[in-house]
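Given next are the chains, with one letter for each unit.
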Amino acid sequence: MDYGIKTWGNDNFFIEDGKVKVNTGCEPSLIEIVEEIRKDGSIRGPILLRFPHLIQKQIRMIYKSFTDAKKEYNYDGNFSAVYPLKVNQFPNFVKNLVNLGKKYNYGLEAGSKAELMLAMAFNNPNAPITVNGFKDNEMISLGFIASEMGHNITLTIEGLNELESIIEIAKNRFGSVPNIGLRIRLHSSGVGIWAKSGGINSKFGLTSTELLEAVTMLKDAKLLDKFTMIHFHIGSQITDIAPLKKALREAGNIYAELSKMGATSLRAINLGGGLAIEYSQHTKTLHKNYTLNEYANDVVYLLKDIATQKKVKVPDIFIESGRFVAASHAVLVAPVLELFSQEYTDQKLRLKDKNPPLVQELYDLYKTINKKNASEFLHDSIDHMESLLTLFDLGYIDLQDRSNTEILVNLLIKKAVGLLSDKKSTEVLDIQERVQERYLVNFSLFQSLPDFWGIDQTFPVMPLDRLDEVPTRSASLWDITCDSDGEIEFNTESPLFLHDVDVEKRDYFLGFFLVGAYQEVLGMKHNLFTHPTEATVIIDNDDFEITNVLESQSVVDILEDLDYDIKEVQETLTSKIEDSDLIDDKAKKHILGEIYLFLNDNGYLKTIKSERDK
Ligand SMILES: *Cc1c(COP(=O)(O)O)cnc(C)c1O
């Protein structure tokens, strides 16, 4: 079982000796990286691993694909790319990205004042900055400041009012005006759940009438020479290349028309983002139908074709892909805390001398189940269980009988699933759906995979070791929030099987892959679980190094973020403990010490194993 690593893994990881390994340099396994971080015992919750070499790989791939495509089609426009900060603004990602992008002149895209200030602080000198999104006068002034600082910045306007503001502000500034881009409203629509990012009903962009008006306004204000770019963005995770091609045809023709109308400085088309990531673990349910090379070739070919037909100079190409660059660099590793059926063992069975007939029958099924009758016996046992539970409700059997029922059915399921594991029929899958094992995992789905909760986005998940053992349990994953939505259910379309492990004896870690785009900053503090501990892993040919370990926020910091006066919290707790009549002074001192420790630790759970080891 390789958990579809060849489908979603992009050769970034491989399986060897039963472990997932990183496919670079000395090829460390993820489990040894995690063990290294957990070595001193203080870090026990989920860990987000960042791999800078995977950021570098994506950036390199983008530039290489477009360089190759330009060569192939003899395209003499330039290619530029910027990274949209909204996809992941965390410093240990952004600073690495800027650094790794330097030799490509890779720039940044900002959609808010905070992001723009980040871009102004960290962007490589001379690399482009683009600004999208709704802007007030302050944000436009910030754009002017960036230009006055010497940044190569383009403000893309979303509406004519923004253009009016730019024209006004230009009169009162110091002479250096940012480049101006116009976001165009395409009649071809956007894609998927992000359809409102593009298309005629889009939230963004200028209609063709407004475009004509904008050119007149720029001409009158003597700023037409600052109009350098048209921009569109049809949505994120473009799964099908066809709508993009349609949008490109439309944008290419708008570019050519505006050029002919005298927009002589207009030289670039910015295609926005949208390059998709393959998140699927199953070849039946692929999430995209094209490769990066195909995308680059289509863009270059189409734009050249239009420019030739309309007899204008080919445009420079700009892209703003974010998901494609960021997704693969981060892996969330979370320990399994518990398997819900773990308490069901042979030893706990307390059969009576005389059991109710159905319990006795369950026991006989359990003793005689084999490969041939497994499916039938499993059905029978589940029927028996339902009858027995009804008998309990009606008062005909006692709690001990009920306990024996639960144990026997769970033991039967385990046996049956093992016996049936080499069959892959839909019937077996249906049974497995009914008898799924619930794995309690030490992470918050709301914090670490918010898109699973919000838009049903799935992420590849697999155990980090034991990959040479056949996983027999159909798994549903439960996070540690008190919210029933915090669950990744087993489903027969894309089934997940995990190992039958005893986590009290040995750790079992799950890796959630491709979580580097959008998840971190969209993460919610539900139940006050915050961003997990993170670490950056640098791998070379001899060794790997763990840097920038940032522990998950302590309870004190979390409460402070919510604007609690932490002194008040601490003092109230202290005086309540001191005033208690139930305990003596020695106990009070001890308890105060415990409270202090807990307040300064993070809120994730300590695994049972680590507790016992103490
Ligand atoms: C969100 C966004 C992007 C990035 O989209 P991805 O799907 O992450 O590549 C690029 N440009 C604009 C204008 C955006 O709003």
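Just so you know, these numbers come straight off a predicted model, no measurement behind them. (Residues numbered from 1 in each chain as written. Predicted model: local features only at pLDDT ≥ 70, side-chain atom pairs only at ≥ 80, totals over all residues. Heavy atoms only, no water.)

Asks: Looking at this structure, how should I read the overall build of the protein?
Replies: For the protein, the count of helices and strands is 22 helices and 20 strands. Here the C-alpha coordinates of the protein stretch approximately 100 × 65 × 55 Å along the principal axes. When each of the 614 residues of the protein is scored for burial, the buried share is 53%. Contacts spanning at least 24 positions in sequence make up 76% of the contacts within the protein whose residues lie at least 6 apart. (Helix = DSSP H or I, 4+ residues; strand = E, 2+ residues; numbered from the N terminus. Buried < 20%, exposed > 50% of the residue type's maximum accessible area, 1.4 Å probe, protein only. Contact = heavy atoms within 4.5 Å.)

Asks: Help me understand the environment of F446, please; the structure alone is not making it clear to me.
Replies: One can find F446 in helix α16 (residues 445-448). For the pair formed by F446 and G25, sequence separation is 421 residues and the distance between their alpha carbons is 34 Å. Dropping the residues within four chain positions of it, F446 is found in contact with W453, D479, T481, D483, D485, G486, G523, M524 and H526.

Asks: Sorry, what's going on with the side chain of H233 here?
Replies: Position of H233 among the secondary structure elements: in the loop between β9 (227-231) and α9 (241-260). Residue H233 is classed as buried on the basis of its relative accessible area of 17%. Reaching out from H233, the side chain makes a polar contact with the backbone nitrogen of G273 at a distance of 3.0 Å. (Polar contact = N/O pair within 3.5 Å; in protein donor to acceptor, adjacent residues only side chain to side chain.)

Asks: Just checking my understanding: could you explain the side chain of H151 for this structure?
Replies: Here H151 is to be found in the loop between α6 (137-148) and β7 (152-157). H151 sits in the buried class, given a relative accessible area of 15%. Contact partners of H151, with chain neighbours within four places excluded, come to A119, M120, N123, I129 and A146.

Asks: Is there a simple way to explain unusual backbone geometry in this structure?
Replies: For residues other than glycine, phi is negative in most cases, and the peptide bonds are mostly trans. Even without being glycine, N74 reaches a positive phi, approximately 55°. Of note, N74 is situated in the loop between α3 (52-72) and β4 (79-84). The backbone phi angle of D563 is positive, close to 70°, even though this residue is not glycine.

Asks: Which parts of the structure should I look at to understand the pairing of strand β6 (residues 128-131)?
Replies: Regular strands have side chains that alternate between both faces of the sheet. Of the two faces of β6, the one holding P128 and T130 and the one holding I129 and V131 are both buried throughout. Where strand β5 (residues 107-110) and β6 come together, three bridges link them in parallel fashion. From the neighbouring strand, A110 faces β6, where its bridge partner is V131. Note that the unit made of β5, helix α5 (residues 113-122) and β6 has a crossover that is right-handed. Read as a crossover between parallel neighbours, the route from β6 over α6 to β7 is right-handed. (Pairing = 2+ DSSP bridges. Right-handed = clockwise from strand over helix to strand, strands pointing away.)

Asks: What is the right way to read the packing of aromatic side chains from this model?
Replies: Following the criterion strictly, the structure yields 17 aromatic pairs and no others. Ring geometry for Y63 and Y104: centres 4.7 Å apart, planes at 20°, overall stacked. In this pair, Y63 sits in helix α3 while Y104 sits in the loop between α4 (91-101) and β5, placing the two residues 41 residues apart along the sequence. Here Y63 falls in the buried class, since its relative accessible area comes to 8%. Between Y73 and Y301, the aromatic rings sit 5.6 Å apart at their centres with planes inclined by 55°, giving tilted as the arrangement. Taken as a pair, Y73 in the loop between α3 and β4 and Y301 in helix α10 (residues 292-310) lie far apart in primary sequence, 228 residues in all. Taking relative accessible area as the criterion, Y73 reaches 26% and is therefore assigned partly exposed. The class for Y301 is partly exposed, based on a relative accessible area of 41%. (Phe/Tyr/Trp six-rings, centres within 6.5 Å; stacked < 30°, edge-to-face > 60°.)

Asks: Honestly, the sheet that holds strand β10 (residues 268-270) in this entry has me stumped. Any pointers?
Replies: Strands belonging to one sheet form pairs held by backbone hydrogen bonds; the direction of such a pair is parallel or antiparallel. Taken together, eight strands build a closed barrel; the order of strands is β4-β5-β6-β7-β8-β9-β10-β11 and the barrel is parallel. Strand-to-strand twist across the sheet, computed as the mean angle between neighbouring axes with direction ignored, equals 25°. (Axes fitted to C-alpha atoms, helices over the stretch in contact; angles between N-to-C directions.)

Asks: Can you walk me through the pattern of salt bridges in this structure?
Replies: Two side chains carrying opposite charge are able to pair once their charged atoms lie near each other. Evaluation of the coordinates by the stated rule reveals 25 salt bridges. One salt bridge connects E36 with K39, and the closest N-O pair in it is separated by 3.0 Å. The exposure class assigned to E36 is partly exposed, which follows from its relative accessible area of 36%. Exposure remark for K39: the relative accessible area of 61% places this residue in the exposed category. For E162, the salt bridge identified is with K135, shortest N-O distance 2.9 Å. Linking E162 in helix α7 (residues 160-171) with K135 in the loop between β6 and α6, this pair joins segments that are 27 residues apart in sequence. With respect to burial, E162 and K135 carry one shared label: buried. Shared partners join several salt bridges into a network, and the residues in it are E16, D17 and K21. (Salt bridge = Lys/Arg side-chain N within 4 Å of Asp/Glu carboxyl O.)

Asks: Help me understand helix α2 (residues 30-38), please; the structure alone is not making it clear to me.
Replies: Side chains that are three or four residues apart share a direction in an α-helix, a result of its 3.6 residues per turn. Buried within α2 are the following residues: L30, I31, I33, V34, I37 and R38. Seen along its axis, α2 keeps its buried residues to an arc of 160°; they face one direction. (Arc of directions from axis to C-beta.)

Asks: Mind showing me how you'd approach the site of the ligand here?
Replies: Close to the ligand lie 16 residues, the nearest being K86, S236, E320, G322 and Y518. One of the side-chain N or O atoms of S236 is found 2.4 Å from an oxygen atom in the ligand. Between a nitrogen atom of the ligand and a side-chain N or O atom of E320, the distance comes to 2.8 Å. When isolated, the ligand has an accessible area of 390 Å², and the protein chains bury 92% of it. A per-class count over the shell around the ligand returns three nonpolar, nine polar and four charged. (Near = heavy atom within 4 Å. Areas by Shrake-Rupley, 256 points an atom, 1.4 Å probe, with all protein chains shown as cover. Nonpolar A, V, L, I, M, F, W, Y, C, P; charged D, E, K, R; others polar.)

Asks: Sorry, what's going on with the packing of α3 against α4 here?
Replies: How two helices sit against one another is set out by the angle between their axes and by the gap between those axes. Contact geometry of α3 with α4 gives a least axis separation of 10 Å together with a crossing angle of 45°. With respect to α4, the axis of α3 lies oblique. Of the two possible hands of crossing, α3 and α4 adopt the one that is right-handed. Contacts between α3 and α4 involve P52, I55, Q56 and I59 from the former and F93, N96, L97, L100 and G101 from the latter. Considering only residue class, the contact of α3 with α4 consists of six nonpolar, three polar and no charged. (Parallel < 35°, antiparallel > 145°, perpendicular 65-115°, else oblique. Left-handed = near helix turned anticlockwise from the far one by under 90°.)

Asks: Explanation requested: the environment of Y396 in the structure shown.
Replies: Structurally, the position occupied by Y396 is in the loop between α13 (374-393) and α14 (399-420). Spatially, the C-alpha atoms of Y396 and V435 are 26 Å apart, while their sequence positions differ by 39 residues.

Asks: I'm lost on the domain arrangement of the protein in this one. Help?
Replies: In many reports, interface size means the accessible area that the parts give up when they come together. Taken domain by domain, the protein consists of domain 1 (76-320), domain 2 (346-432) and domain 3 (556-613). Centre-to-centre, using C-alpha coordinates, domain 1 lies 61 Å away from domain 2. (Domains from an automatic or database assignment.)

Asks: Even after reading the chapter, I still don't get the confidence of the model for the protein, so can you show me in this structure?
Replies: Keep in mind that low pLDDT regions are not for reading the predicted coordinates in detail. Scored by pLDDT, the protein comes out at a mean of 92, with 96% of its residues at no less than 70. Of the regions scoring below 50 in pLDDT, residues 610-614 engages in three contacts with residues more than four places distant in sequence or in other chains. (pLDDT = per-residue confidence, 0-100.)

Asks: Looking at this structure, I do not really get a nonpolar patch on the surface. What am I missing?
Replies: On the surface, a cluster of nonpolar side chains totalling about 270 Å² of accessible area is made up of L528, L562 and Y564. When you line up the elements, L562 lands in the loop between α19 (555-561) and α20 (566-579). Taking the relative accessible area as the measure of exposure, L562 reaches 41% and is therefore partly exposed. (Patch = residues over 30% accessible without salt bridge, like charges linked within 9 Å, V, L, I, M, F, W, Y side chains within 5 Å.)

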